[in-house]
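Observations on the three-dimensional arrangement
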Amino acid sequence: MQTNRRNFLKLTAAAGGAAMTPFAWATRADAQGLETMVVASGQTINSLDLHRTGTNRASYQVAINCYDRLVGFGSRQLPTGEMSYDYDTIVPELAESWTISDDGLVFTFTLKPDATFTDGSPVTAADVKWSFDRAVSVGGFPSTQMRAGGFFRPDQFEVVDDQTFVLRLDYPSKLSLPNLAVPVPFIINSKVAIANATEADPWAMEYLHTTTAGSGAYTVTRWDQGQQIVYDRNDGWVGGPVPEIPRVIMREVPNNSTRRALIERGDVQVSFDIPDRDASELVGTVDVFSTPIENCIHCACLNTKFEPFQDPEVRKAIAHAIPYEAIFQSAAYGRGAPMWGGPTEITDTAWPRPFPYATDMDKAREHLEASSFASGFPVQMSISLDLASWMEPTALLIQESLGQLGITTTVERIPGANWRTVALVDKSLDFHLENFGGWLNTPDYYFFWAYQKDRLFNSSNYDNEEVHELTEQTLHMSMDDPEWAPLVKKMFQIVIDDLPRIPLYQPALNVAVNGASGYEFWFHRQLDPRRMTGV
């Protein structure tokens, strides 16, 4: 049975249905499909453990492909005909069924009795508890993500018997069940992890950094850092239908032209997260999927630790000086949705939403002249080389426009493997581009990560106590609650005025496919090969 998000607190879910050489090329097995699917990606995987500090977004795919969660999201067909995950539908993964108490505080999960890890050992409730204990205890991104669903402490997780796991909440939350379907609460073979833990490393962070220990659809059999990762199918997977493709090779190909040539020739079956320009030009040559990313905004971020950006007039000057339309056409090739020129009056809770700023150099000069930095100032603008296809043209256009105000920018290009640490963990970049997208599709969840003090994706070091309190109020509140919408609108107004993040546009995720089928868009912006097949 599938569970709708809006009424899941009243429902009970039942059972669901269901040595390589480097840069090896794909080969056809037979008429039924691919023996090996090769994927080209411009992103760098820097760890096999999502819970490790500094693990980047490209590495999330390991948690998706090699580990299971208790539950997952279903699928739906978009109006365009493309397939996508379905945020409103929760389906079983490791859990065979679950019940939720009438007050929404106690979740009881029954595990699938035939679930095993890739070493053949059974998945038990003790493994679930150890994995959840780890996620709430290691700190940083995973612990904060768990907190978004109301999961704070190990004492909230109870093993009843090998097949029964209980989760207790301090208060009911609309995000609790969906939060169990995101990549972070993945289930680890605790026996293997404990055997490789040390007193200094009780959660086996070093071991799991380079070795997977899951029950997922695939297992990592080779990882050549900076080059490729090889996934081999787990034929004993019970989290869903066993994938058709036995082997998936993810090749790191940072050069966009090379990736384009590979997909056009059919040397790879998937080119993942391709530039908007290639997406527009490849239509009709190969299959191109271009899906708007829910709850995601490409932004220019102003670090409040940088003195000029503490001046609200400077922030508004920059917001009016940004050449939005030129960026949208040059960096996004018109794909996605504009996030500028919105109405000044807030009448709904739509998110992402265009802010009421537009390119107006006269207004920009007025605001700068009213600031303490009327003659301008120098600032370094940082971009990630992993995301250069949109960040590079965006940064250069902003650099040119701000130069007209006397704001002199130099562009710093940071390797993708280091970007998360300097931009998000250290929050040390004065002026930078950012592309956070919220996994859970509500505006308060976006605010939880991007606008609350010390949150990972609050790379601007923004600190507004009222926004913090409003986010805390709305995060777990039902969206049907009559108090929810007015509070959210108030949050919108404050950050529109404060401008720690200047929205540019809502991006699309572009994927080119040649010689495979079954692609689906997922909120985590990583490839999920579990449902893919040969042509």
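Computed from a predicted structure; not experimentally measured.

Below, the discussion takes up the environment of Pro 354. If you trace the backbone, Pro 354 turns up in the loop between β17 (337-338) and α11 (361-369). Along the primary structure Pro 354 and Trp 340 are separated by 14 residues, whereas in three dimensions their C-alpha atoms are 4.7 Å apart. When sequence neighbours within four positions are dropped, the list of residues in contact with Pro 354 reads Pro 338, Met 339, Trp 340 and Gly 342.

Scanning the model with the defined rule gives 45 aromatic pairs in all. A cation sits over an aromatic face here: Arg 420 above Phe 141, 4.9 Å from the ring centre.

The next point concerns helix α16 (residues 484-498). Each turn of an α-helix holds 3.6 residues, which means side chains three or four residues apart point in the same direction. Relative to the 21 Å expected for 15 residues at 1.5 Å per residue, α16 spans 21 Å between its end C-alpha atoms, a close match to the ideal helical length. Taken as a whole, α16 has its buried residues at Trp 484, Leu 487, Val 488, Met 491, Phe 492, Ile 494, Val 495 and Ile 496. Leu 499 sits one or two positions beyond α16 and adopts a positive phi of about 55°.

What follows deals with the pairing of strand β5 (residues 71-77). Bridging between β5 and strand β6 (residues 83-92) involves 7 bridges; their strand directions are antiparallel. When the bridges of β6 are listed, Gly 72 appears paired with Val 91. Between the end of β5 and the start of β6, which pair antiparallel, lie 5 residues, with Gly 81 showing a positive phi angle near 100°.

With that settled, the discussion passes to empty space enclosed by the protein. Here the largest cavity defines a volume of roughly 340 Å³. Together, 26 residues line the largest cavity, and Asn 56, Arg 57, Arg 420, Leu 424 and Asn 435 are the ones closest to its centre. When its residues are assigned to classes, the lining of the largest cavity shows 12 nonpolar, 9 polar and 5 charged. Each of domain 1 (2-17 + 30-273 + 510-531) and domain 2 (298-506) contributes no fewer than three residues to the lining of the largest cavity. The space that makes up the second largest cavity amounts to roughly 30 Å³. Considering the residues around the second largest cavity, the lining is formed by Asn 256, Arg 259, Arg 260, Ile 263, Ser 271, Ile 274, Pro 275, Asp 278 and Leu 282. When residues of the lining of the second largest cavity are traced back to their parent elements, those giving at least two are α7 (256-265) and α8 (276-282). With 4 residues, α7 is the largest single contributor of residues to the lining of the second largest cavity. The class makeup of the residues in the lining of the second largest cavity is 4 nonpolar, 2 polar and 3 charged.

Taken N-terminus to C-terminus, the directions of helix α3 (residues 140-148) and helix α14 (residues 443-450) make an angle of 150°; their axes are 11 Å apart at the nearest point. Relative to α14, the element α3 lies roughly antiparallel. Here the hand of the crossing between α3 and α14 comes out right-handed. Of the residues in α14, those in contact with Phe 141, Thr 144, Gln 145 and Ala 148 of α3 are Tyr 445, Phe 448 and Trp 449.

Partitioning the chain into structural domains gives domain 1 (2-17 + 30-273 + 510-531) and domain 2 (298-506). With centres defined by C-alpha atoms, the gap from domain 1 to domain 2 works out at 30 Å. Here domain 1 meets domain 2 over a buried area of about 2500 Å², counting both sides, of which 56% is carbon and sulfur. Linking domain 1 with domain 2 are 1 salt bridge, by the criterion used here. Across the pair Asp 444 and Lys 174 runs a salt bridge, and its minimum N-O distance is 2.9 Å. Counting across the interface, domain 1 meets domain 2 through 13 residue pairs in polar contact (both at pLDDT 80 or more). It is α3 that contributes the most residues to the side of domain 1 that touches domain 2, 5 residues altogether.

Looking at the chain, pLDDT values average 93 and 94% of them are 70 or higher. Every residue in residues 1-31 scores below 50 in pLDDT, and together they form 83 contacts with partners more than four places removed in sequence or on other chains.

Another aspect to go through is the packing of helix α15 (residues 465-475) against α16. Remark: α15 packs on α16, axes separated minimally by 10 Å, with the N-to-C direction vectors making an angle of 150°. The orientation of α15 with respect to α16, classified from their angle, is roughly antiparallel. As α15 runs across α16, the sense of the crossing is left-handed. Contact residues: Glu 466, Val 467, Leu 470, Thr 471, Gln 473 and Thr 474 in α15; Trp 484, Leu 487, Val 488, Lys 490, Met 491, Ile 494 and Val 495 in α16. Here the residues of the contact of α15 with α16 sort into 8 nonpolar, 3 polar and 2 charged.

Time to look at unusual backbone geometry. The omega angle of the peptide bond from Trp 351 to Pro 352 is 0°, so this bond is cis rather than trans. Mapped onto the elements of the fold, Pro 352 is located in the loop between β17 and α11. Its identity as a non-glycine residue notwithstanding, Lys 427 has a phi of 55°, on the positive side. Residue position: Lys 427 is located in the loop between α13 (416-425) and β20 (431-434). Using a relative accessible area of 9% as the deciding quantity, one classes Lys 427 as buried. Here the phi dihedral of Asn 461 falls at roughly 60°; this positive angle occurs in a residue that is not glycine. Topologically, Asn 461 is positioned in the loop between α14 and α15. The exposure class assigned to Asn 461 is buried, which follows from its relative accessible area of 18%.

Conventions used here
- Residues numbered from 1 in each chain as written.
- Predicted model: local features only at pLDDT ≥ 70, side-chain atom pairs only at ≥ 80, totals over all residues.
- Heavy atoms only, no water.
- Helix = DSSP H or I, 4+ residues; strand = E, 2+ residues; numbered from the N terminus.
- Contact = heavy atoms within 4.5 Å.
- Phe/Tyr/Trp six-rings, centres within 6.5 Å; stacked < 30°, edge-to-face > 60°.
- Lys NZ or Arg CZ within 6 Å of the ring centre and 35° of its normal.
- Expected span 1.5 Å × (residues − 1).
- Buried < 20%, exposed > 50% of the residue type's maximum accessible area, 1.4 Å probe, protein only.
- Pairing = 2+ DSSP bridges.
- 1 Å grid on protein atoms, 1.4 Å probe; cavity = no way out; pocket = protein on both sides within 12 Å on 5 of 7 lines; lining within 4 Å.
- Points joined across faces, edges and corners; volume = space filled by probe spheres on them.
- Nonpolar A, V, L, I, M, F, W, Y, C, P; charged D, E, K, R; others polar.
- Domains from an automatic or database assignment.
- Axes fitted to C-alpha atoms, helices over the stretch in contact; angles between N-to-C directions.
- Parallel < 35°, antiparallel > 145°, perpendicular 65-115°, else oblique.
- Left-handed = near helix turned anticlockwise from the far one by under 90°.
- Buried area = accessible area lost by both parts, 1.4 Å probe.
- Salt bridge = Lys/Arg side-chain N within 4 Å of Asp/Glu carboxyl O.
- Polar contact = N/O pair within 3.5 Å; in protein donor to acceptor, adjacent residues only side chain to side chain.
- pLDDT = per-residue confidence, 0-100.

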